[in-house]
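The primary structure of each chain is shown beneath.
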Amino acid sequence: PQEPPAEPRLRDTPEDICFEAAANAIALHPARALLAAGDVDGDVYLYCYSCVQGDNRQLWSSGHHLKSCRDVAFSRDGQRLLTVSKDKAIHVLTVEDGRLETRIAKAHSSALNCVLPVDQHLLATGDDSGELKVWDLRKGDAILEARQHEEYISAMAVDGNGKILLTASGDGTMGVFNIKRRRFELLSEPQNGDLTSVVLLKRGKKVACGSSEGTIYLFNWDGFGATSDRFALRAESVDCMVPVTESIVCTGSLDGVIRAVNILPNRVLGCVGQHTGEPIEQLAVAPGGQLLASCAHDQKVKFWDISTLGSMVVDEYRKKKKRGGPLKALSSKAAGSGEDFFADLREEQEATPEAATGSDSD
């Protein structure tokens with residue numbers, strides 16, 4: 001008698017996706033198990049990912065950018081993919097088949113660095129020289145152009161009403177722009193280091209910015225001029241940051257470690273995963289908040305199980321803890337700190353995390 005076909009093996013997380021060139025940017029589709037990635041050669045890829053062994057597959061690739069693709073984002077309805085490049089162009093591709101639907105060739109006078117959908121028709125772009133533009137795709141034109149920053153724009157966020165746009169810049173300031181009134185509102189006072197990321201937390205009442213110095217700066221909504229709080233992670237840097245819950249963010253750092261951090265009370269909860277010794281470029285959260293994807297200089301996109309973060313209770317009171325204790329591993333694939341060269345070899349065993357990176361200091 002014939003052997004019954006082997007059951008497909010289920011994993012906690014999808015397998016790594018490997019690229020021929022390093023991916024700078026990734027995005028996860030708002031509703032489906034789709035991952036978009038843009039690489040240093042200017043190529044853009046769409047994959048479907050799955051927790052079934054061997055089930056990840058590439059759906060299409062697009063080579064329209066002439067230089068490195070710096071950022072990718074799905075439109076709010078998930079039907080289009082927005083990409084920007086060092087070649088100064090904005091591309092709008094159909095998610096279904098990767099067809100180039102709209103191309104704005106010389107969108108900025110400097111290399112583009114980031115893109116953010118604001119609503120169905122509007123998108124924002126930031127460039128290397130600090131210029132912000134908001135575009136209306138129906139007109140194919142910019143409805144807001146502002147050069148308030150003196151350095152590159154690293155990241156952007158928008159409030160739930162699509163009214164206030166926030167920018168993080170290499171000049172250490174956060175910019176505030178009113179899209180509805182099409183005008184610049186204010187810059188925050190400069191912080192230490194480049195601001196690398198900006199996210200909304202606490203149901204839009206708080207804004208957190210990551211910095212290249214390894215500090216997270218907090219602002220109250222409407223109190224954008226000066227920080228309300230700061231939290232120094234014991235990490236070389238905060239290079240990228242995504243919100244996972246109303247209080248928890250995941251941060252990526254130069255040391256290759258992805259940390260889960262609770263905001264107010266400020267605590268490093270532990271290590272979600274790592275690209276050992278490889279700086280992390282970008283993080284993305286899947287719909288439902290169960291999975292995190294990361295890309296780094298190792299030419300891989302990795303997936304991490306973050307399903308336990310939502311139920312973590314963070315005590316207001318600090319337990320007395322020895323400073324510089326190990327960073328707690330928050331998933332089976334998280335192997336202590338990225339400084340440990342053998343971390344990957346022990347992934348399968350529940351490794352005891354090594355190396356000092358976690359701390360309670362703020």
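Everything numeric in this text was worked out from a predicted model, so none of it was measured.

J.: So what about the confidence of the model for the protein? Which residues, and what values?
T.: Of the residues in the protein, 91% reach a pLDDT of 70 or more, and the chain-wide mean stands at 91. Between residues 337-362, whose pLDDT stays under 50, and residues either more than four places distant or in other chains, the model counts 62 contacts.

J.: Could you give an account of the sheet that holds strand β26 (residues 280-285), with specific residues and numbers?
T.: Spatial strand order, β1-β28-β27-β26: four strands in an open sheet with antiparallel pairing. If you trace the sheet from one side to the other, it starts and ends with β1 (17-18) and β26, each paired once. Here strand β27 (residues 291-296) pairs with strand β28 (residues 300-305) via five bridges, running antiparallel. Bridging from a neighbouring strand, S294 pairs with K302 of β28.

J.: Before we move on, can you summarise the UniProt feature "repeat: WD" (unreviewed entry) in the protein with the specific residues and values?
T.: Following the UniProt record, one finds the feature "repeat: WD" (unreviewed entry) at residues 105-145, 146-180 and 280-314. Counting secondary structure, residues 146-180 comes out at 0% helix and 54% strand; the distance between its end C-alpha atoms is 14 Å. Between the first and last C-alpha atoms of residues 280-314 the distance is 26 Å; the span itself is 0% helix and 51% strand.

J.: Residue-level account of the sheet that holds strand β6 (residues 69-74), with values.
T.: Whenever strands of a sheet pair, they do so through backbone hydrogen bonds, lying parallel or antiparallel. On the basis of which strands lie adjacent, the open sheet formed by four strands has the order β6-β7-β8-β9 and antiparallel pairing. Edge positions in the sheet fall to β6 and β9 (100-104), since each has one partner strand and no second. Direction aside, the axes of adjacent strands within the sheet are offset by 15° on average. In terms of strand pairing, strand β8 (residues 90-94) meets β9 through four bridges, oriented antiparallel.

J.: Got a sec to walk through the environment of L269? Specific residues and values, please.
T.: Topologically, L269 is positioned in strand β25 (residues 267-274). Overall, L269 belongs to the buried group, its relative accessible area being 11%. L269 has contacts with I248, A260, V261, N262, M312, V314, K328 and L330, leaving out every residue within four places of it along the chain.

J.: Report on the packing of aromatic side chains, specifying residues and quantitative values.
T.: By the definition in use, this model includes six aromatic pairs. When the centroid spacing of 5.6 Å and the interplanar angle of 75° are considered together, the rings of F19 and Y47 count as edge-to-face. A residue pair is termed long-range when its members are at least 10 positions apart, and F19 in the loop between β1 and β2 (23-28) and Y47 in strand β4 (residues 44-48) qualify at 28 residues. The same class applies to F19 and to Y47, which are both buried. Members of the aromatic cluster, connected to one another through ring pairs, are F19, Y45 and Y47. Between K333 and the ring centre of W304, over which it is positioned, the NZ or CZ distance is 4.8 Å.

J.: Quick rundown of unusual backbone geometry? Include the residues and the values.
T.: A negative phi holds for most residues other than glycine; trans holds for most peptide bonds. Following L264, the chain continues into P265 via a peptide bond in cis, with omega recorded as 0°. Along the chain, P265 turns up in the loop between β24 (257-262) and β25. In this structure, K88 is a non-glycine residue whose phi angle is positive, near 75°. Within the element layout of this structure, K88 appears in the loop between β7 (80-85) and β8. Assessed through its relative accessible area of 31%, K88 is described here as partly exposed.

J.: An account of the pairing of β26 is requested, with residue identities and associated values reported.
T.: Regular strands place their side chains on alternate faces of the sheet. With five bridges connecting them, β26 and β27 associate as antiparallel partners. Paired with Q282 across the bridge in β27 is C295.

J.: Can you explain the side chain of Q191? Please cite residues and give values.
T.: Among the secondary structure elements, Q191 is positioned in the loop between β17 (183-187) and β18 (195-201). A relative accessible area of 8% means that Q191 is categorised as buried. Reaching out from Q191, the side chain makes a polar contact with the backbone oxygen of E189 at a distance of 2.9 Å. Discounting chain neighbours no more than four positions away, the residues touching Q191 are G172, Y217, F219, T227 and R230.

J.: For the pattern of salt bridges, give the residues involved together with the corresponding values.
T.: Counting across every chain of the model gives ten salt bridges. Of the charged contacts, one joins D128 and R70 as a salt bridge, the two residues approaching to 3.2 Å between their closest N and O atoms. With D128 in the loop between β11 (122-127) and β12 (131-136) and R70 in strand β6, the pair connects residues that are 58 residues apart, well separated along the chain. Exposure remark for D128: the relative accessible area of 31% places this residue in the partly exposed category. The residue K139 makes a salt bridge to D136 at a minimum N-O spacing of 3.4 Å. A relative accessible area of 54% means that K139 is categorised as exposed. Assessed through its relative accessible area of 3%, D136 is described here as buried. Here the residues in one salt-bridge network are R80, R99 and E101, joined through shared partners.

J.: Give me the environment of P265: which residues, what numbers.
T.: Assessed through its relative accessible area of 16%, P265 is described here as buried. Considered as a pair, P265 and D315 are 50 residues apart in the sequence and their alpha carbons are 7.7 Å apart. With residues up to four places along the chain from it excluded, the contact list for P265 reads V314, D315 and E316.

J.: Which residues make up the side chain of H65, and what are the values?
T.: In this structure, H65 sits in the loop between β5 (57-62) and β6. Overall, H65 belongs to the buried group, its relative accessible area being 4%. Side-chain polar atoms of H65 contact the side chain of T83, separated by 2.8 Å. Of the polar contacts made by the side chain of H65, one reaches the side chain of D87; its length is 3.2 Å. Non-local contacts of H65, meaning those with residues more than four positions away in its chain, are made with D41, G42, V44, T83, V84, S85, D87, A89 and H91.

Calculation rules
- Residues numbered from 1 in each chain as written.
- Predicted model: local features only at pLDDT ≥ 70, side-chain atom pairs only at ≥ 80, totals over all residues.
- Heavy atoms only, no water.
- pLDDT = per-residue confidence, 0-100.
- Contact = heavy atoms within 4.5 Å.
- Pairing = 2+ DSSP bridges.
- Helix = DSSP H or I, 4+ residues; strand = E, 2+ residues; numbered from the N terminus.
- UniProt positions renumbered as here; feature names shortened; annotations may be inferred.
- Axes fitted to C-alpha atoms, helices over the stretch in contact; angles between N-to-C directions.
- Buried < 20%, exposed > 50% of the residue type's maximum accessible area, 1.4 Å probe, protein only.
- Phe/Tyr/Trp six-rings, centres within 6.5 Å; stacked < 30°, edge-to-face > 60°.
- Lys NZ or Arg CZ within 6 Å of the ring centre and 35° of its normal.
- Polar contact = N/O pair within 3.5 Å; in protein donor to acceptor, adjacent residues only side chain to side chain.
- Salt bridge = Lys/Arg side-chain N within 4 Å of Asp/Glu carboxyl O.

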